Amino acid sequence: MSESEISDQDQRNAIITTITLDLSNKHLKEIPKTIKNFNNIEFLYLSTNDIKSIPDYFFPCLPQLKWLDFRHNLLSALPPSIGHHRELRTLLLQGNSIRSLPIELGNVPTITGLNIADNPLEYPPAAVLQEGSHNVLRYLREQLRNENLLIPGTRCVLCVMCSF
């Protein structure tokens, strides 16, 4: 079995639980292509691997995903396709090499948990980053609105006072 495949045991476990797949600490260098076979996954753990990128097909193929743990990998970016996701609630990206968050992240209406600590982020600006995840998402939504890219109905679920 190559490092980029899901073991038979991990596949059986995902089928049994139907919602959780833990591929943490598996020395993965990329996301296994067979992940597309598990569109019912709600909780996906890919922490502490050597994954450098997330393919464009990743988010569209996992429409039920609610929790995504990519902590401690080698990610340098998120694909813009994340902006079309409608279920993602928690995104853990701590300890990667991400320099810029895509503004499309602001189009994910359900996100309530965002961990971006320990990344060399240059965008959004440092002043926004220092204000916490809620304000990062607010800032991204504002940028989307300014560029007429905000998907209608997208609003911040972290704060009822938020106008986005």
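Because the structure is a prediction, the values reported are computed rather than measured. (Residues numbered from 1 in each chain as written. Predicted model: local features only at pLDDT ≥ 70, side-chain atom pairs only at ≥ 80, totals over all residues. Heavy atoms only, no water.)

A look at the sheet that holds strand β1 (residues 20–22)
Working step 1: Across the sheet, which stays open at both edges, the 5 strands sit in the order β1-β2-β3-β4-β5 with parallel pairing between neighbours. The sheet terminates laterally at β1 and β5 (113–115), the two strands that pair on one side only. Each neighbouring strand pair of the sheet contributes to a mean axis angle of 5°, computed without reference to strand direction.
Working step 2: Sheet topology places strand β2 (residues 43–45) next to strand β3 (residues 67–69); 3 bridges connect them, and they run parallel. Along β3, the bridge assignment pairs Phe43 with Trp67. (Pairing = 2+ DSSP bridges. Helix = DSSP H or I, 4+ residues; strand = E, 2+ residues; numbered from the N terminus. Axes fitted to C-alpha atoms, helices over the stretch in contact; angles between N-to-C directions.)

Side note on the nonpolar core
Working step 1: Judged by nonpolar contacts, the single largest core of 39 residues is most densely connected at Leu44, Phe58, Phe70, Leu91 and Leu105.
Working step 2: Those elements giving two or more residues to this core turn out to be α2 (58–61) and α4 (133–146).
Working step 3: Element by element, the count of residues in this core is highest for α4, at 5 residues.
Working step 4: Every residue in contact with Leu91, bar those within four places of it in the chain, is listed here: Leu68, Leu78, Ile82, Leu105, Ile111, Gly113, Leu114 and Asn115. (Core = buried A, V, L, I, M, F, W, Y, C linked by side-chain atoms within 4.5 Å. Buried < 20%, exposed > 50% of the residue type's maximum accessible area, 1.4 Å probe, protein only. Contact = heavy atoms within 4.5 Å.)

What to know about the confidence of the model for the chain
Working step 1: Here the chain averages 87 in pLDDT, while 84% of its residues score no lower than 70.
Working step 2: Across residues 155–164 the pLDDT falls below 50, and counting only partners more than four positions away or on other chains, this stretch makes 24 contacts in the model. (pLDDT = per-residue confidence, 0-100.)

A few points about the environment of Thr112
Working step 1: Residue placement: Thr112 occurs in the loop between β4 (90–92) and β5.
Working step 2: What makes Thr112 partly exposed here is its relative accessible area of 42%.
Working step 3: Distance in space between the C-alpha atoms of Thr112 and Leu91 is 8.6 Å, their sequence separation being 21 residues.

Re the pattern of salt bridges
Working step 1: Inspection of every chain in the model, using the stated rule, returns 5 salt bridges.
Working step 2: Two residues, Glu30 and Lys33, come together in a salt bridge whose shortest N-O distance is 3.5 Å.
Working step 3: Judged by its relative accessible area of 53%, Lys33 falls in the exposed class.
Working step 4: The salt bridge involving Arg71 is made with Asp69; its shortest N-O contact spans 2.7 Å.
Working step 5: Residue Arg71 is classed as partly exposed on the basis of its relative accessible area of 29%. (Salt bridge = Lys/Arg side-chain N within 4 Å of Asp/Glu carboxyl O.)

Focus on α4
Working step 1: Helix length check: α4 (14 residues) gives 20 Å between terminal C-alpha atoms against 20 Å at 1.5 Å per residue, within 8%.
Working step 2: Positive backbone phi, at 55°, marks Asn148, one or two positions downstream of α4. (Expected span 1.5 Å × (residues − 1).)

Description of the side chain of Gln94
Working step 1: Along the chain, Gln94 falls in the loop between β4 and β5.
Working step 2: At a separation of 3.2 Å, a polar atom in the side chain of Gln94 contacts the side chain of Asn115.
Working step 3: Within the structure, Gln94 has its side chain in polar contact with the side chain of Asp118 (distance 3.1 Å).
Working step 4: Beyond its immediate sequence surroundings of up to four residues, Gln94 is in contact with Phe70, Arg71, His72, Asn115, Ala117, Asp118 and Asn119. (Polar contact = N/O pair within 3.5 Å; in protein donor to acceptor, adjacent residues only side chain to side chain.)

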